[in-house]
Amino acid sequence: MITHEDHCLRALADDGRWPELLAAYRQARAEAVERVGEPYGPAEAAPLGHLIAYSAPPELAVRLFDGEGGPDTAAGTGDHDAGPLWEVLATRHSWLRLAPLLGPAPVRRLVAHTRVLIGEDLSYGAEPDPEGVPLRLEPWEVAGWGEGARVRDYLPGGGARSALLTLPASREGLGSVALPEPGLRLRGQRATRALAALAEWAEVACVRGPASQAAAQLARGPLVTGGYLPFALAVPALVQAGVVDRARGAAHGRLALWRALGAMAGVDGPDRAEVNALVARMRCFTWHEPAAGLRHLHVALEDPACGLAWAVSGSVEL
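Definitions and cut-offs
Residues numbered from 1 in each chain as written. Predicted model: local features only at pLDDT ≥ 70, side-chain atom pairs only at ≥ 80, totals over all residues. Heavy atoms only, no water. Helix = DSSP H or I, 4+ residues; strand = E, 2+ residues; numbered from the N terminus. Rg over C-alpha atoms; globule rule 2.2 N^0.38 Å. Buried < 20%, exposed > 50% of the residue type's maximum accessible area, 1.4 Å probe, protein only. Contact = heavy atoms within 4.5 Å. Areas by Shrake-Rupley, 256 points an atom, 1.4 Å probe, with all protein chains shown as cover. Lys, Arg positive; Asp, Glu negative; His and termini not counted. Charge placed at Lys NZ, Arg CZ, Asp CG, Glu CD. Phe/Tyr/Trp six-rings, centres within 6.5 Å; stacked < 30°, edge-to-face > 60°. Lys NZ or Arg CZ within 6 Å of the ring centre and 35° of its normal. Core = buried A, V, L, I, M, F, W, Y, C linked by side-chain atoms within 4.5 Å. Pairing = 2+ DSSP bridges. Axes fitted to C-alpha atoms, helices over the stretch in contact; angles between N-to-C directions.

Undergrad: Hey, could you run me through the overall build of the protein chain in this one?
TA: Helix and strand counts for the protein chain stand at 13 helices and 9 strands. The C-alpha atoms of the protein chain give 21 Å as radius of gyration, which agrees with the globular expectation for 318 residues (20 Å, within 12%). The C-alpha extent of the protein chain, read off along each of the three principal axes, is 65 × 40 × 35 Å. Every one of the 318 residues in the protein chain was classed for burial, and the buried ones make up 53%. Restricting to contacts in the protein chain with at least 6 residues of sequence separation, those with at least 24 account for 67%. For the protein chain, the accessible surface area stands at approximately 14100 Å², while carbon and sulfur atoms represent 53% of it. Treating the 30 positive side-chain charges of the protein chain as one cloud and the 37 negative ones as another, the clouds have centres 4 Å apart.

Put into structure tokens, the structure is as follows:
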């Protein structure tokens, strides 16, 4: 957050002197990068960037990401304070307002998918996603979320509120399950690598067999508190798994999940029809680990059509 020493910057914001604040941000970022290099330099200027992204008019806020100020003055996709600056911007304005203004393609794409997560349908009037990820939410992407939980709730002076989405969220609805012998573990699966990208802190295993045999590969013991649930209820935790890193936003998680589902379906890229067909037939098993950290993910995903299942399991303290 902006400290007491930066009260003059707050005064400029209160007076709406956004061009001066943008100039101050660009100078601070360039000087910090020159002094301490990447990635530490951008972090020093990020609180001011957050203020601009949150409160400035969109016509000025988008200029955080252009290079008009010279080398090292523009924020990129990795610049973050409580969260990525592009995600802060995306929570404040509709795509209709931002689309004519945003320039850099990587930022533009992430902002678009953030607006999709917030609930906008961009399937008409926006350029297609380069990988083919739909620009509107599928029904299974909506069902498991609480109101307003899909993207961090940012605060004007810095910081954010976000739901702590874990799987399983509690023991409610779960029972005592004796897992079978672990299934034969398969190596080198493209889907395994794609699922690993969801949460770098989790382990992923692929087996030939049902979800329970995949879970048995990673569970701490043969007797667990677990059960089956609709895949839609697992989606929030899968999307949010990578948001432990403040440089990542919910759009990263959505894109990564679609890549993983496309790979599980055996197609090149996140083909909408194939992914929806996979989701419709998928069996999803979750279990509780007694020593789970504050953020945890324990889930096995089974595709009966190909006889394979993938388990994703891990936890991390925040």
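Undergrad: How do you make sense of the packing of aromatic side chains when you look at a structure like this?
TA: How two aromatic rings sit relative to each other is set out by the distance from centre to centre and by the angle between their planes. A complete count under the given rule lists 4 aromatic pairs for this structure. Taken together, a centroid distance of 6.3 Å and an interplanar angle of 25 degrees make the contact between F285 and W287 stacked. Cluster of aromatic residues (ring-pair linked, three or more members): W140, F231 and W258. Here the basic side chain of R92 rests over the ring of Y54, its NZ or CZ set 3.8 Å away from the ring centre. Directly above the aromatic system of Y228 lies the positively charged group of R283, at a separation of 4.2 Å from the ring centroid.

Undergrad: What exactly am I supposed to notice about the nonpolar core here?
TA: Soluble globular proteins tend to bury their nonpolar side chains together. In terms of nonpolar packing, the biggest core is built from 89 residues, with I52, W140, L195, F231, L261 and M264 touching the most fellow members. A total of 10 residues in this core trace back to one element, the largest contributor, which is helix α12 (residues 250-264). Once residues lying within four places of it in the same chain are set aside, the contact partners of L195 are V204, A260, M264, L301, W310 and V312.

Undergrad: Is there a simple way to explain the pairing of strand β7 (residues 283-288) in this structure?
TA: The side chains of a regular strand alternate between the sheet's two faces. Of all the 6 residues making up β7, 5 are buried; the element is thus mostly covered by neighbouring parts of the structure. Here 4 bridges tie β7 to strand β8 (residues 295-303), and the two strands are oriented antiparallel to one another. Counted as the bridge partner of C284 is L301 from β8. Hairpin geometry of β7 and β8 is characterised by an intervening segment of 6 residues between the two adjacent antiparallel strands.

Undergrad: Which parts of the structure should I look at to understand the sheet that holds strand β5 (residues 203-208)?
TA: The strands making up a sheet are joined through hydrogen bonds of the backbone, oriented either antiparallel or parallel. Taken together, 7 strands build an open sheet; the order of strands is β3-β6-β7-β8-β9-β5-β4 and the sheet is antiparallel. The open sheet terminates on both sides in strands that have one partner only, identified here as β3 (175-178) and β4 (184-186). Between one strand axis and the next, the sheet turns through 35 degrees on average, direction left out of account. Both β8 and strand β9 (residues 308-316) contribute to a ladder of 9 bridges, which runs antiparallel. By the bridge assignment, L297 is partnered in β9 with G314. This element, helix α11 (residues 231-240), spans β7 and β8 of the sheet and lies at about 130 degrees to β8.

Undergrad: Is there a simple way to think about the environment of A214 in this case?
TA: Summarising the element assignment, A214 is placed in helix α10 (residues 211-218). Separated by 81 residues in sequence, A214 and R295 have C-alpha atoms that sit 21 Å apart. With near-sequence residues (within four places) excluded, A214 lies in contact with V207, A300, A309, W310 and A311.

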